[in-house]
Amino acid sequence: MRMVVLFGALLWGACGDDDAPADAGTDAARGAEACEVIAVFERRCALGGCHLPHNPRTELVLTRDAVEAAGLDDYVVPGDPEGSRLFQRMTDGSTGPLMPLGQAEPIPEVEQVRAWIAAGASTRCDVPDFLPDLYDPNHLDPEALFECATPTVDASAARIRRVERREWTHAVVKPVSVEISRDSNSRDNPLETPRVLPYSTYARGVTVDPTTLELLLLVLPEAPAIWSTNDPQSDRGEFVGGGRTVGIYNNRDLRCIHEDPAPADACIDRYLDTLLRRGTLFRAPSDDETGRLRARLVRTLGEEAGDITRRKATLNHVGQAAYLMAGSLFRSELGEPVAGDAAGRRRLTPDEMALAVGHVFSSHPTGTPVSLALASPHPDADALLGRMSAIRAAADDGAIYDEATLRRIFEAYQGGEDPTRQDLFDEADTRRIAARGEFWIAENFSAFFREWLDYAGANSAFKDTPGGTGRYGGPDRDGSRFDRTTGGFANLQSGFYGKETTLVDQLDDTIARIVVESHERGEDVFAALFTSRMWRLPSNLSSTNGVPCTEATEAADCTAAPFTNCTSINVCGNSIAGSMVSLARVYGREDIPATPEGRWVEVPASERMGVLTHPAWLAAHGGNFEDDASAVRRGRWIREQLFCETVPGLDLVSVPATLIPSDPSRSARQRLVTSVEDPDANPFAPTCMGCHELMNPLGFPFEIYNHAGFVRAYDHGPGAMPLDPSGASTITLAPDVALIGEVRDAIDLSQRIAASRVARRCFIRHAFRYFTGRNETEGDACTLSAMESSLDADGSFFTMIRTLVASDTFQMRTLEEQDR
């Protein structure tokens, strides 16, 4: 479908022929005017998410294709603006919300629409696509996307992909994690994917501008650490990112570059080849790449004048140059021609394929040196070949395209069980690994769920009195002036005290178990994500010794050092126990033992079920204050991420988009309903509901939880009012009939989502987007259909992604502009 999208100011002059007469009576002038007005309809009315094909809420489609094909006879009376229904809705809000939705008064372009109707309302626009064919994939036909009736020539557009922040940091063998990278600023590199792009894997139009380059130069000097000295231990003396790297530190063939005053040509060539293959390019370098870097190294070695003490500076200088090479900052996905391919497609080269497949699993480029001693069952326990050695080996022998080889690669890197959690050695404080679950999935699999469910912000989101309306609300029961529930929640976010995990870690571990067990048992992973009740919780007893006590008997009972304090739950604890015993209150528990088995808890079916009821997701999609419009945030996420529909944004809204003032007598739900549904409180309520009807009914079921994810015991202010009638809601607008009707609460909605084919397909589409780094198109129907069939067959997330990687969409490229 051809669709022209205009962002920002509309360049009206682009629609017509500059040499055409300005007389409105001429065909050229009418054609230009039609282009301009159709562009208004597309930008203002269609692409906002309303007047689109496949939108059951509208009878009028206002895309360029639809207007040109079907006209507007039922809505426009040529020559009579005031008699035209379309013009009436754009100028008079007395019979319903003023159009476009979100307007307090008619848009400036309305006079242009008036003139167009008065001149005859021509819908003929002969100007070809005069702006790039950008689009929202949520506007595509959701049924056609999974119909592979006519086999297609599958391929993705060739591209040059800029590396992402984590990928660059891991390429220099440094940790991304804040908690273990105090000796490194590499993680602060500026190569973060722009937030306007849907996922961190997207690379369309992403480049290195002068500002990005300036910021990169600030962290560049530490990048070549493992290449500029033979023993780059960190300043802290710990074996953490940048320490002795396996395959580099113990490679005798590289010692000559560090020790010989005048290294021989063979030594120089060996060093540069290893640097480029294992440190920057992660592929075979071209003669030109090697030649230019070699010339720089030889010149700099000559400047040493025999002073070997200058060698570290020499190699650091050359290493920085290597990290600035185009091939180091960008990954080629151009492919090479396939003989006999009728469509002229290109297949990724073995090196390109290795990097692409490796990027499915990890942000560590394939072949990156390992700075840790890994052991079985870690897939790279034989670390001499670096990260994802099985992928590198498959690329070297050309077998990387074979489905059997891909199966073996997936079996090695997809995930499984490892109580030692060696997958976390690079990124987690080793003191906390013991509290993590034994199930793991590949780093980028975990990153997909974090980005799709968008819960990483749970650890940093501000919450006022997070437990204020929960069962532990208000000051602690021990009469302390400190709110221990708030303190426990803050510690759950930061992990500052103790050795327990954070909210985000807990959902990571819970999802990992769901994914791994679904694969092993042949059960449906999508349904399990929304119905599982076996969760990884933090222990609130890890700083206690289990000895009962009371405040009155503290001195007599709590005698075993360091457990000399009587805690608020009446057991003896150490000096930080006061911040630990309330750690699990957000889950409604105060009895989680500090054992691997004890931290796995089956949450009550009446309170929690699936990822959407997890405190990490609820907190990430909740407001800052207890009576904020959390329902809007949560409902919008479901609409867009589970229904694959777009909610119009606020960029074109001119009515006040704020809630009425906070009122102790109103619950969060009542405050929201009054703000957007009550014309007495808000004269623009009908306009607001044009969009809020898409979000609020989907968010109301989650009002049984407060803004921080605690189950509500009452609403807004201690004892202010009884709980709003559970999470009852009536859903009238949903793409799946099974989701329409009365919904009891978030548990009921989660169960319905688990059974929804529409939501399941939306999940598949988001996985496609993340792991291909682009939006789906109608030409991807066969691949999407194959992914769905794979998921239906055995329920495995791993198998579904392997199906994608084995497809021509993933492996083949075309030079035609096709990528969206």
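Provided above is the structure to which this section pertains.
It should be emphasised that the depicted structure is a prediction, and the values quoted were computed from it without experimental measurement.

Enquirer: I would appreciate a short explanation of the overall build of the protein chain in the present structure.
Expert: On a plain count of helices and strands, the protein chain comes out with 31 helices and 15 strands. Here the protein chain holds 820 residues, and the buried ones make up 56% of them. For the protein chain, the accessible area works out to roughly 33,200 Å², and carbon and sulfur atoms hold 53% of it.

Enquirer: Looking at this structure, I do not really get the packing of aromatic side chains. What am I missing?
Expert: Geometry of an aromatic ring pair is reported as the spacing of the ring centres plus the angle between the planes. Considering all chains together, one arrives at 34 aromatic pairs under this definition. Aromatic side chains Trp 617 and Trp 637 sit 5.5 Å apart centroid to centroid with 80° between the ring planes, which places their arrangement in the edge-to-face category. Taken as a pair, Trp 617 in helix 23 (residues 615-620) and Trp 637 in helix 24 (residues 630-641) lie far apart in primary sequence, 20 residues in all. The ring of Tyr 401 has Arg 347 sitting right over it, with the charged end atom 5.4 Å from the ring centre. Just above the ring of Trp 600 sits the side chain of Arg 513; from NZ or CZ to the centre is 4.6 Å.

Enquirer: What is the right way to read the sheet that holds strand 10 (residues 565-566) from this model?
Expert: Remark on secondary structure: sheet strands pair via backbone hydrogen bonds, oriented parallel or antiparallel. As summarised here, the arrangement of the three strands in space is 9-11-10, forming an open sheet in which the pairing is antiparallel. Taken across any chain shown, the strands that pair with only one partner, and hence form the sheet edges, are strand 9 (544-548) and strand 10. The sheet contact formed by strand 9 and strand 11 (residues 571-573) spans two bridges and is antiparallel. What sits directly across from Pro 548, in strand 11, is Val 571.

Enquirer: Would you take a moment to explain unusual backbone geometry for this structure?
Expert: Residues other than glycine predominantly adopt negative phi, and peptide bonds predominantly adopt the trans conformation. In this structure, Pro 377 follows Ser 376 across a cis peptide bond, with omega equal to 15°. You can see Pro 377 is positioned in the loop between helix 13 (350-361) and helix 14 (389-396). The backbone phi angle of Met 388 is positive, close to 50°, even though this residue is not glycine. Secondary-structure assignment places Met 388 in the loop between helix 13 and helix 14. In this structure, Asn 570 takes a positive phi of about 65° despite not being glycine.

Enquirer: Would you explain the pattern of salt bridges in this entry?
Expert: Inspection of the entire model under this criterion finds 51 salt bridges. Notably, a salt bridge pairs Arg 471 with Glu 607, separated by 2.6 Å at the nearest N-O pair. Note that Arg 471 is positioned in the loop between helix 17 (443-453) and helix 18 (484-494) and Glu 607 in the loop between strand 12 (600-602) and helix 23, a separation of 136 residues in sequence. Owing to a relative accessible area of 47%, Arg 471 belongs among the partly exposed residues under this scheme. Residue classification places Glu 607 among the buried residues on the basis of a relative accessible area of 17%. Here Glu 788 ties to Arg 761 by a salt bridge, and the two come within 2.8 Å at their closest N and O atoms. One end of the pair, Glu 788, is in helix 29 (residues 781-794); the other, Arg 761, is in helix 28 (residues 757-772), with 27 residues separating them in the sequence. On the accessibility criterion, Glu 788 (7% relative accessible area) is buried. One salt-bridge network, held together by shared partners, links Glu 143, Asp 524, Arg 757, Arg 760, Arg 761, Glu 788 and Asp 792.

Enquirer: Would you mind showing me how to read the nonpolar core here?
Expert: What tends to happen in soluble globular proteins is that the nonpolar side chains get buried as a cluster. If you look at the biggest cluster of nonpolar residues, it comprises 101 residues, and the most contacted ones within it are Phe 361, Phe 445, Trp 452 and Phe 797. The dominant element in this core, judged by the number of residues it contributes, is helix 19 (residues 503-521), at eight residues. With residues near it in sequence (within four places) discarded, Phe 361 still touches Met 388, Ile 391, Ile 409, Phe 410, Tyr 413, Gln 414, Ala 442, Glu 443, Asn 444 and Phe 445. Residues Leu 216, Ile 248, Ala 322 and Leu 329 belong to the second largest nonpolar core, which totals 33 residues.

Enquirer: Where do I start with helix 24 in this structure?
Expert: Each α-helix turn comprises 3.6 residues. Residues three or four places apart therefore point the same way. Between its first and last C-alpha atoms helix 24 spans 16 Å; for twelve residues at 1.5 Å apiece the expected length is 16 Å, and the two agree. The element helix 24 is largely enclosed, with a buried count of ten among its twelve residues. Every buried residue belonging to helix 24 is among Ser 630, Ala 631, Val 632, Arg 634, Gly 635, Trp 637, Ile 638, Arg 639, Glu 640 and Gln 641, and all of these are buried. Contacts from the buried residues of helix 24 go to helix 17, helix 23, helix 25 (668-677), helix 26 (685-699), helix 27 (746-754) and helix 28.

Enquirer: Is there a simple way to think about the environment of Leu 217 in this case?
Expert: Among the secondary structure elements, Leu 217 is positioned in helix 6 (residues 210-219). In this structure the C-alpha to C-alpha distance between Leu 217 and Asn 189, which are 28 residues apart in sequence, comes to 8.8 Å.

Enquirer: What should I look at first to understand the environment of Leu 145 in this one?
Expert: Structurally, Leu 145 can be placed in the loop between helix 4 (110-118) and strand 1 (156-157). Along the sequence, Leu 145 and Asp 780 sit 635 residues apart, while their C-alpha atoms lie 7.1 Å from each other. In this view, Leu 145 contacts Leu 140, Arg 765, Glu 776, Thr 777, Glu 778, Ala 781 and Leu 784; residues no more than four positions away in its chain are not counted.

Enquirer: How do you make sense of the state of the cysteines when you look at a structure like this?
Expert: Think of a disulfide as a covalent bridge from one cysteine sulfur atom to another cysteine sulfur atom. Counted according to the given criterion, the structure contains five disulfides. Covalent S-S linkage joins Cys 256 and Cys 267, the inter-sulfur distance amounting to 2.0 Å. Here Cys 256 and Cys 267 share a disulfide; its torsion about the S-S bond, 105°, makes the bridge right-handed. One end of the pair, Cys 256, is in helix 8 (residues 255-259); the other, Cys 267, is in helix 9 (residues 265-280), with eleven residues separating them in the sequence. The buried category is assigned to Cys 256, whose relative accessible area is 14%. Owing to a relative accessible area of 4%, Cys 267 belongs among the buried residues under this scheme.

Enquirer: I would appreciate a short explanation of the packing of helix 9 against helix 11 (residues 311-323) in the present structure.
Expert: The angle between the axes and the distance between the axes are what describe a pair of packed helices. Two elements in contact, helix 9 and helix 11, have axes separated by 11 Å at closest approach and are oriented at 50°. In terms of axis orientation, helix 9 runs oblique to helix 11. Considering only the axes of helix 9 and helix 11, their crossing is right-handed. Across the interface between the two elements, Tyr 271, Leu 272, Leu 275, Leu 276, Gly 279 and Thr 280 of helix 9 pack against Leu 315, Val 318, Ala 322 and Tyr 323 of helix 11. Grouping the constituent residues of the contact of helix 9 with helix 11 by class yields eight nonpolar, two polar and no charged.

Enquirer: Help me out: how do you make sense of a nonpolar patch on the surface in this one?
Expert: A contiguous nonpolar patch, built from Leu 213, Leu 217 and Leu 324 and spanning about 220 Å² of accessible area, is present on the exposed surface. Locating Leu 324 in the fold gives a position in the loop between helix 11 and helix 12 (326-329).

Enquirer: Honestly, the sheet that holds strand 5 (residues 346-347) in this entry has me stumped. Any pointers?
Expert: One open sheet holds the four strands; their spatial order is 1-15-5-4, and the pairing between them is mixed. Every interior strand has two partners, whereas the edge strands, strand 1 and strand 4 (336-337), have only one. The pairing of strand 4 with strand 5 spans two bridges and is classified as antiparallel. The partner of Glu 336 across the bridge, within strand 5, is Arg 347.

Enquirer: So what exactly am I meant to see when it comes to the environment of Thr 274 here?
Expert: The topology assignment puts Thr 274 in helix 9. Using a relative accessible area of 15% as the deciding quantity, one classes Thr 274 as buried. If we skip the residues at most four places from it in the chain, Thr 274 touches Trp 227, Ile 248, Leu 254 and Gly 279. Of the polar contacts made by the side chain of Thr 274, one reaches the backbone oxygen of Arg 270; its length is 2.8 Å.

Enquirer: Whenever I open this one, the packing of helix 13 against helix 17 confuses me. Can you help?
Expert: Interaxial distance between helix 13 and helix 17 falls to 5 Å at its minimum, and their mutual angle equals 60°. Judged on the interaxial angle alone, helix 17 and helix 13 are oblique. Residue-level inspection shows His 359, Val 360 and Phe 361 of helix 13 in contact with helix 17, the latter providing Glu 443, Asn 444 and Phe 445. Looking at the contact of helix 13 with helix 17 residue by residue, the class counts come to three nonpolar, two polar and one charged.

Criteria and cut-off values
- Residues numbered from 1 in each chain as written.
- Predicted model: local features only at pLDDT ≥ 70, side-chain atom pairs only at ≥ 80, totals over all residues.
- Heavy atoms only, no water.
- Helix = DSSP H or I, 4+ residues; strand = E, 2+ residues; numbered from the N terminus.
- Buried < 20%, exposed > 50% of the residue type's maximum accessible area, 1.4 Å probe, protein only.
- Areas by Shrake-Rupley, 256 points an atom, 1.4 Å probe, with all protein chains shown as cover.
- Phe/Tyr/Trp six-rings, centres within 6.5 Å; stacked < 30°, edge-to-face > 60°.
- Lys NZ or Arg CZ within 6 Å of the ring centre and 35° of its normal.
- Pairing = 2+ DSSP bridges.
- Salt bridge = Lys/Arg side-chain N within 4 Å of Asp/Glu carboxyl O.
- Core = buried A, V, L, I, M, F, W, Y, C linked by side-chain atoms within 4.5 Å.
- Contact = heavy atoms within 4.5 Å.
- Expected span 1.5 Å × (residues − 1).
- Disulfide = S-S within 2.5 Å.
- Axes fitted to C-alpha atoms, helices over the stretch in contact; angles between N-to-C directions.
- Parallel < 35°, antiparallel > 145°, perpendicular 65-115°, else oblique.
- Left-handed = near helix turned anticlockwise from the far one by under 90°.
- Nonpolar A, V, L, I, M, F, W, Y, C, P; charged D, E, K, R; others polar.
- Patch = residues over 30% accessible without salt bridge, like charges linked within 9 Å, V, L, I, M, F, W, Y side chains within 5 Å.
- Polar contact = N/O pair within 3.5 Å; in protein donor to acceptor, adjacent residues only side chain to side chain.

Everything listed here is a matter of coordinates, which is why it stays silent on function.
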